[in-house]
Amino acid sequence: MAHLVLTVVGDDRPGLVNALAEQVSAAGGNWERSELAELAGAFAGIVLVSIDDDREADLVTALEGLDGMLRVTVHGGRLAADVEPVERSLEVTVLGNDRPGIVRDVTAAIAAHALSIDTFSSRTLDAPMAGGTLFEATVAFRVPAGADAAPVTAALEELAGEIQVDLTVA
């Protein structure tokens with residue numbers, strides 16, 4: 001069984017998810033997981049699909065037929081058994097006045113400890129009481145078995161003071 005990660009992007013319009021789902025289904029694939037969103041008039045996302053090894057080429061060919069509607073890139077995925085054992089997952093929530101560089105700084109602190117980000121979601125929102133714009137992000141990453149989470153937690157807490165954001169580690 002092949003596990004494929006599909007990245008998709010196109011101009012937002014009705015029927016995009018269905019068109020992708022039709023191609024996956026027609027090739028005999030199973031849509032296992034996805035994160036899809038409309039952002040500034042574009043539609044983008046990632047989808048995890050499993051498919052019999054002997055049908056993988058059929059799926060790739062079918063997805064090429066979506067060109068003009070969606071640009072789909074196919075990446076080989078790894079099974080959970082191939083991933084390093086996880087001691088625990090940490091989730092960090094960042095909230096503060098919006099400014100360039102917050103994402104760079106937070107992700108650099110995590111990368112400096114050779115940790116992998118599992119999910120990252122962010123948004124900006126109006127700050128009606130204070131005026132201006134707030135930046136909010138939630139970042140989940142894993143700490144491998146045997147690794148100490150204290151150094152990355154301390155680095156993130158130090159960073160929060162430097163860039164003046166509230167940071168919660170759970």
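Just above sits the structure.
Some points on the overall build of the chain
- A tally of regular secondary structure across the chain gives four helices and eight strands.
- Each helix and strand of the chain, placed in order from N terminus to C terminus, yields the pattern β-α-β-β-α-β-β-α-β-β-α-β.
- Along the first, second and third principal axes, the C-alpha atoms of the chain reach 50 × 45 × 20 Å.
- For the chain, long-range pairs separated by at least 24 residues make up 70% of all intrachain contacts whose partners lie at least 6 apart in sequence.
- Split by element, the accessible area of the chain, about 10000 Å² in all, is 51% carbon and sulfur.
- Distance between charge centroids for the chain: 2 Å, based on 10 positive and 27 negative side chains.

Observations concerning the environment of Ile46
- Position of Ile46 among the secondary structure elements: in strand β3 (residues 42-51).
- Residues Ile46 and Ile102 lie 56 residues apart in sequence; the distance between their C-alpha atoms is 24 Å.

A word on the sheet that holds strand β4 (residues 71-76)
- Overall, antiparallel pairing links the four strands, which are arranged β2-β3-β1-β4 in an open sheet. Strands at the two margins of the open sheet, each flanked by one partner only, are β2 (30-39) and β4. Looking at each pair of strands side by side, their axes are set apart by 15 degrees on average, direction ignored.
- Where strand β1 (residues 2-11) and β4 come together, six bridges link them in antiparallel fashion. Residue pairing for β4: Leu4 is matched across the bridge by Gly76.
- Across the sheet, helix α1 (residues 16-26) lies against β1, β2, β3 and β4, angled at about 160 degrees from β2, the strand it touches most.
- Against the sheet, helix α2 (residues 56-64) contacts β1, β3 and β4, and its axis sits at roughly 0 degrees relative to β1.

A look at the side chain of Thr153
- The topology assignment puts Thr153 in helix α4 (residues 150-163).
- Classification of Thr153 by relative accessible area gives buried; the value is 16%.
- The residues contacting Thr153, other than those within four sequence positions of it, are Leu90 and Val169.

Some words on the pairing of strand β6 (residues 116-126)
- When β6 meets strand β7 (residues 133-144), the two strands line up antiparallel, connected through ten bridges. Bridged to Phe120 within β7 is Val139.
- Remark: six residues form the turn of the hairpin made by β6 and β7, two consecutive strands paired antiparallel; Gly131 in that turn has positive phi of roughly 75 degrees.

Remarks on the packing of helix α3 (residues 102-111) against α4
- Running from amino to carboxyl end, α3 crosses α4 at an angle of 160 degrees, the nearest separation of the two axes being 9 Å. Classified by the angle between their axes, α3 and α4 sit roughly antiparallel to one another. Crossing geometry of α3 relative to α4 is assigned as right-handed. Seen from α3, the contacting residues are Ile102, Asp105, Val106, Ala109 and Ile110; seen from α4, they are Val152, Leu156, Leu159 and Ile163.
- Looking at the contact of α3 with α4 residue by residue, the classes come out as eight nonpolar, no polar and one charged.

Focus on the nonpolar core
- Val94, Ile102, Val106, Ile110, Phe141 and Leu156 are the most contacted members of the largest nonpolar core, which has 21 residues in total.
- Secondary structure elements with two or more residues in this core: β5 (86-97), α3, β7, α4 and β8 (165-169).
- Other than its neighbours up to four places away in sequence, Ile110 contacts Leu115, Ile117, Val139, Phe141, Val152 and Leu156.
- Leu6, Ala27, Ile51 and Leu66 belong to the second largest nonpolar core, which has 17 residues in total.

Rules of the game
- Residues numbered from 1 in each chain as written.
- Predicted model: local features only at pLDDT ≥ 70, side-chain atom pairs only at ≥ 80, totals over all residues.
- Heavy atoms only, no water.
- Helix = DSSP H or I, 4+ residues; strand = E, 2+ residues; numbered from the N terminus.
- Contact = heavy atoms within 4.5 Å.
- Areas by Shrake-Rupley, 256 points an atom, 1.4 Å probe, with all protein chains shown as cover.
- Lys, Arg positive; Asp, Glu negative; His and termini not counted.
- Charge placed at Lys NZ, Arg CZ, Asp CG, Glu CD.
- Pairing = 2+ DSSP bridges.
- Axes fitted to C-alpha atoms, helices over the stretch in contact; angles between N-to-C directions.
- Buried < 20%, exposed > 50% of the residue type's maximum accessible area, 1.4 Å probe, protein only.
- Parallel < 35°, antiparallel > 145°, perpendicular 65-115°, else oblique.
- Left-handed = near helix turned anticlockwise from the far one by under 90°.
- Nonpolar A, V, L, I, M, F, W, Y, C, P; charged D, E, K, R; others polar.
- Core = buried A, V, L, I, M, F, W, Y, C linked by side-chain atoms within 4.5 Å.

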